[in-house]
Amino acid sequence: MEITKIIIGLEVHIELKTKSKMFCGCPAGHFAKQPNTQTCPVCLGLPGALPVPNKKAIEWTILLGLSLGGEIPKLSQFDRKNYFYPDLPKGYQISQYKNPFSINGSLCLDNDKKIKIKRVHLEEDTAKLLHETVNGEKVSLIDFNRSGVPLVEIVSEPDLNSSDEAKEYLEKLQQLVRYLGISDADMEKGSMRCEPNINLEINEGDKSFFTPIVELKNINSFRFVKKAIDYEIHRQFEEFREKRIEKATGNKQTRGWDEAKQITFLQREKEEANDYRYFPEPDIPPIEWSDEEILNFKFQISSYELPWTKKQRFVDQYGLSDYQTNILTEDRKTADFFEECVRLDKVGVIEIANVIINKRSPEGLSPDQLIGFISASKTTSWNSEKEIEKLIEKLLKEHPEVIEGYKKGKPQALGMIIGLVKKDKNVLVSIDDIIKKIPL
Ligand SMILES: [Zn+2]
């Protein structure tokens, strides 16, 4: 008996960082805010309150769909997803079911494998349950600040075949939404959450079997995703060996990840889709796009340089390696910083790249300070340890305020240290070494 295929699909939820919530004017940013201070009748689900869709959130969802190569159907609509849970004040969540904003997208992994994306849809986040002890009593509290925050859901086909691929897919998705500037997508803070669906194909002799699908919940870091999936692969194989239960309608499970025990644990048997009694949201008319509007969205997305396009351009334009470009294009800020430095010093591309990648310069330098740092390191050569110590001693004695400023992280202090070193014609030392020797 052996595993012939690991089958993983991912549902990813990402909170959009719009100013206001999805269907009301309350602020959407809820992290570390005083509980229940950002609510109104709409996001509290009070009777008679009417939802007004957030235009920005819809636009961003469309842009995300397009950046994943998806189609934008001309007709979209919101639906009510009914279920009863204390974090859902209305008794239903406004989501999208039959007509999402984008369908048939994909995301390419580094090994050129295309992961198909079934749909990208928009919904509202739920309130947050907090389980605490108040006056010695265990209670559940509800914070409605998160209720109604725009939440985009990206659903992949089960095209992923290992925990590494799942991790890479998530990292690429996170990078993409950060490039687009539509979410911080921070797993630790809950603005990006993922639910892997996992099962196995197992072969025995000439027969193959599929294990029941398990959906993993509440995973809040990339590291945990990988560990939880790997554990689940192992658990399903062992379980099949013992009980021989095969995938069937109604035997999908939801399991959580216990980081302390390093295991997944059973949460509940999963509801089937029709248990949610989806029906069109009567308070929001369907949304129809004209050809011109769709064209306009496509034009907008063409003005963004997406991470994979930027990466390819860095390879072509600067002759950098895959490894170098991966790091330099990891986020837009680093990529822009690198290019600003290169504009100042066209010959030193490789050197600039290496200094940034290996973090060889002190933090917080501006592009021209970084160029200054590199040229200072180049024009000087190594002195002995003793001489360096002597130099630092001298600097400390003559210019304690500069060293103090450097320690406090003032960026101009480093420039002054470089200047002081260069002034002393007898000293030949690399700036790297000076920095190492500054007592902190
Ligand atoms: Zn509100």
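Going by the structure above, here's the rest.
To keep things clear, this report deals only with the structure shown in the data block. Predicted model only: the values in this text are computed from it and were never measured.

1. With respect to the pairing of strand S7 (residues 128-134)
Part 1 of the reasoning: Where burial is concerned, little of S7 is hidden: zero out of the seven residues are buried.
Part 2 of the reasoning: Judged from the seven bridges that link them, S7 and strand S8 (residues 137-143) form a sheet pairing that is antiparallel. Within the sheet, the bridge partner assigned to Thr133 lies in S8 and is Lys138.
Part 3 of the reasoning: The loop that links S7 with its antiparallel partner S8 comprises two residues; one of these, Asn135, has a positive phi angle of about 50°.

2. Some thoughts on the nonpolar core
What tends to happen in soluble globular proteins is that the nonpolar side chains get buried as a cluster.
Part 1 of the reasoning: If you look at the biggest cluster of nonpolar residues, it comprises 58 residues, and the most contacted ones within it are Val12, Leu64, Val152, Ala166, Tyr169 and Leu173.
Part 2 of the reasoning: Broken down by secondary-structure element, the contributors of at least two residues to this core are strand S1 (2-15), helix H1 (55-67), strand S6 (114-124), strand S9 (150-156), helix H2 (163-180), strand S10 (192-204), strand S12 (214-217) and helix H3 (222-243).
Part 3 of the reasoning: Counting residues per element, this core draws most heavily on H2, which supplies seven residues.
Part 4 of the reasoning: Residue contacts for Val12: discarding those within four places in its chain leaves Glu153, Ile154, Leu170, Leu173, Met192 and Cys194.

3. Some points on the sheet that holds strand S3 (residues 79-82)
Part 1 of the reasoning: Reading across from one edge, S4-S3-S15 is the order of the three strands in this open sheet, with antiparallel pairing throughout. In this open sheet, the two strands that pair with only one neighbour each are strand S4 (92-95) and strand S15 (279-280).
Part 2 of the reasoning: Across two bridges, the pairing between S3 and S15 is antiparallel. Within S15, the position partnered with Asp79 by the bridge is Pro280.

4. What about the packing of H2 against H3?
Part 1 of the reasoning: It is at 9 Å that the axes of H2 and H3 come closest, and there the two elements cross at 155°. By the angle class used here, H2 and H3 are roughly antiparallel. When the axes of H2 and H3 are compared, the crossing they make is right-handed. Counting all contacts with H2, which are made through Ser163, Ala166, Lys167, Leu170 and Glu171, the residues of H3 involved are Phe222, Val225, Lys226, Ile229 and Asp230.

About the criteria used
Residues numbered from 1 in each chain as written. Predicted model: local features only at pLDDT ≥ 70, side-chain atom pairs only at ≥ 80, totals over all residues. Buried ≥ 20, exposed ≤ 12 C-beta atoms within 10 Å, placed from the backbone. Helix = DSSP H or I, 4+ residues; strand = E, 2+ residues; numbered from the N terminus. Pairing = 2+ DSSP bridges. Core = buried A, V, L, I, M, F, W, Y, C linked by C-beta atoms within 7 Å. Contact = placed C-beta atoms within 7 Å. Axes fitted to C-alpha atoms, helices over the stretch in contact; angles between N-to-C directions. Parallel < 35°, antiparallel > 145°, perpendicular 65-115°, else oblique. Left-handed = near helix turned anticlockwise from the far one by under 90°.

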